[in-house]
Amino acid sequence: GVCDDPTHPNASTAACAAGTDATDCAGGTGPAPADAANSCQWAFDGECDDAAYPHALTSLCAAGTDTADCAAGPGPAPGGQTNSCQWAFDGVCDDPTHPNASTAACAPGTDAADCAGGPVPGDAANSCQWAYDGECDDPSFGHASTAACAPGTDTADCTGGGSTAAAGNDSCQWAFDGECDDRRFFDAVTGACQQGTDASDCRGLQMRPAQQLVGNTCQWAFDGECDDPTFPGSTGACPIATDDFDCMTPGPAIK
């Protein structure tokens, strides 16, 4: 019910190419009365702003008020970029051409929403605008750096699982194999990578508490086997004082 042909005198938007919205433009002027499904001020801008849609670029519109834009699918983001990368909408910028990129897991121009910053659509536990910046902003955590977020909305940063700075890079030969190989993370499958070199595979996993990481910088830490050569019966695979958890904890490493 909205004329979107920029060549028509009654056009409300320029969302359509010239001559491709004949029915709407022949029916009168402006939007149809009570067009609640597209009542957001950002409707018909070619960008989905309804966070109820997984491919939304922003949450500027209330649910159900940007239907035309969101029903069209992911589509291009401003500047010709898209969100077609498999890692899009995870809160981490993976476009190597972006100055704030944490990894190079995506092809250039395919992780627009994450690289633009802000929360991941539908992720209530990380809905603060400052989520995924590597800094805890939830005042309910004793180690919070700021109180910029409401309690319960910066979970990844405050628990360690969302800090890409702590996660590191993807220089390990086993990076991008879909398996976390950094034993600093509770659910790591192996310790095949040096700590901080398998960031993309380990994304989203909870990192061990900071105090537990002290003295455990060896890649074989947390594998349930003592590798510090100063301990009797150890494998000797780790430098001295880099495998404290395994060497000082009875039994296998706890999960």
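All of these numbers come straight from a predicted model, not from anything done at the bench.

A. Layout of the overall build of the chain. A tally of helices and strands in the chain yields eight helices and zero strands. Reading the chain from its N end, one meets helices and strands in the order α-α-α-α-α-α-α-α. Here the chain, with 255 residues, has 42% of them falling under the buried criterion. Contacts in the chain between residues at least 24 apart in sequence constitute 37% of all its contacts with a sequence separation of at least 6.

B. Summary view of the packing of aromatic side chains. A full pass over the atoms with the stated rule returns one aromatic pair. Summarising the aromatic geometry, the rings of Phe 222 and Phe 245 are spaced 5.2 Å apart at their centres and angled 50° between planes, so their arrangement reads as tilted. Taken together, the positions of Phe 222 in the loop between helix H7 (210-213) and helix H8 (244-248) and Phe 245 in helix H8 put the pair 23 residues apart, joining distant regions of the chain.

C. Summary view of the pattern of salt bridges. A complete count under the given rule lists one salt bridge for this structure. Salt-bridge contacts for Arg 184 lead to Asp 182; the nearest nitrogen and oxygen are separated by 3.0 Å.

D. The arrangement of the confidence of the model for the chain in detail. Chain-level statistics for the chain give a pLDDT mean of 73 and a share of 72% at 70 or above. For residues 28-34, every residue scores under 50 in pLDDT, and the model assigns this stretch 12 contacts once sequence neighbours within four places are set aside. In this model, residues 161-166 is a region of pLDDT below 50 whose contacts with residues beyond four sequence positions or in other chains number 15 contacts.

E. How the structure looks around the environment of Thr 155. Within the secondary structure, Thr 155 sits in helix H4 (residues 155-159). The spatial distance from the C-alpha of Thr 155 to the C-alpha of Asp 138 is 7.8 Å, given a sequence separation of 17 residues.

F. Highlighting the state of the cysteines. All chains considered together, the criterion is met by five disulfides. Paired by a disulfide, Cys 218 and Cys 238 hold their sulfur atoms 2.0 Å apart. Taking the sign of the S-S torsion, about -70° here, the bridge from Cys 218 to Cys 238 comes out left-handed. Here the residue Cys 218 occupies a position in the loop between H7 and H8, and Cys 238 occupies one in the loop between H7 and H8, the gap between them amounting to 20 residues. Paired by a disulfide, Cys 226 and Cys 247 hold their sulfur atoms 2.0 Å apart. One disulfide, between Cys 226 and Cys 247, carries an S-S torsion of 95° and so falls in the right-handed class. Of this pair, Cys 226 sits in the loop between H7 and H8 while Cys 247 sits in helix H8, and the two are 21 residues apart along the sequence. There is no split in this pair, since Cys 226 and Cys 247 are both buried.

G. Representation of unusual backbone geometry within the structure. Of note in this structure, Phe 176 is not a glycine but carries a positive phi near 65°. Tracing the sequence through the fold places Phe 176 in the loop between helix H5 (164-167) and helix H6 (199-202). Even without being glycine, Phe 222 reaches a positive phi, approximately 65°. Judged by its relative accessible area of 3%, Phe 222 falls in the buried class.

H. Looking closely at the environment of Ser 102. Along the chain, the position of Ser 102 falls in the loop between helix H2 (67-71) and helix H3 (112-115). Distance from Ser 102 to Asn 169, taken between C-alpha atoms, is 7.4 Å for residues 67 residues apart in sequence.

I. A look at the environment of Trp 42. Topologically, Trp 42 is positioned in the loop between helix H1 (22-26) and H2. When the C-alpha atoms of Trp 42 and Leu 60 are compared, they prove to be 7.6 Å apart, with 18 residues separating the residues in sequence. Residues contacting Trp 42, with those up to four places away along its chain left out, are Asp 49, Leu 60, Cys 61, Asp 66 and Asp 69.

Thresholds, definitions, all that
Residues numbered from 1 in each chain as written. Predicted model: local features only at pLDDT ≥ 70, side-chain atom pairs only at ≥ 80, totals over all residues. Heavy atoms only, no water. Helix = DSSP H or I, 4+ residues; strand = E, 2+ residues; numbered from the N terminus. Buried < 20%, exposed > 50% of the residue type's maximum accessible area, 1.4 Å probe, protein only. Contact = heavy atoms within 4.5 Å. Phe/Tyr/Trp six-rings, centres within 6.5 Å; stacked < 30°, edge-to-face > 60°. Salt bridge = Lys/Arg side-chain N within 4 Å of Asp/Glu carboxyl O. pLDDT = per-residue confidence, 0-100. Disulfide = S-S within 2.5 Å.

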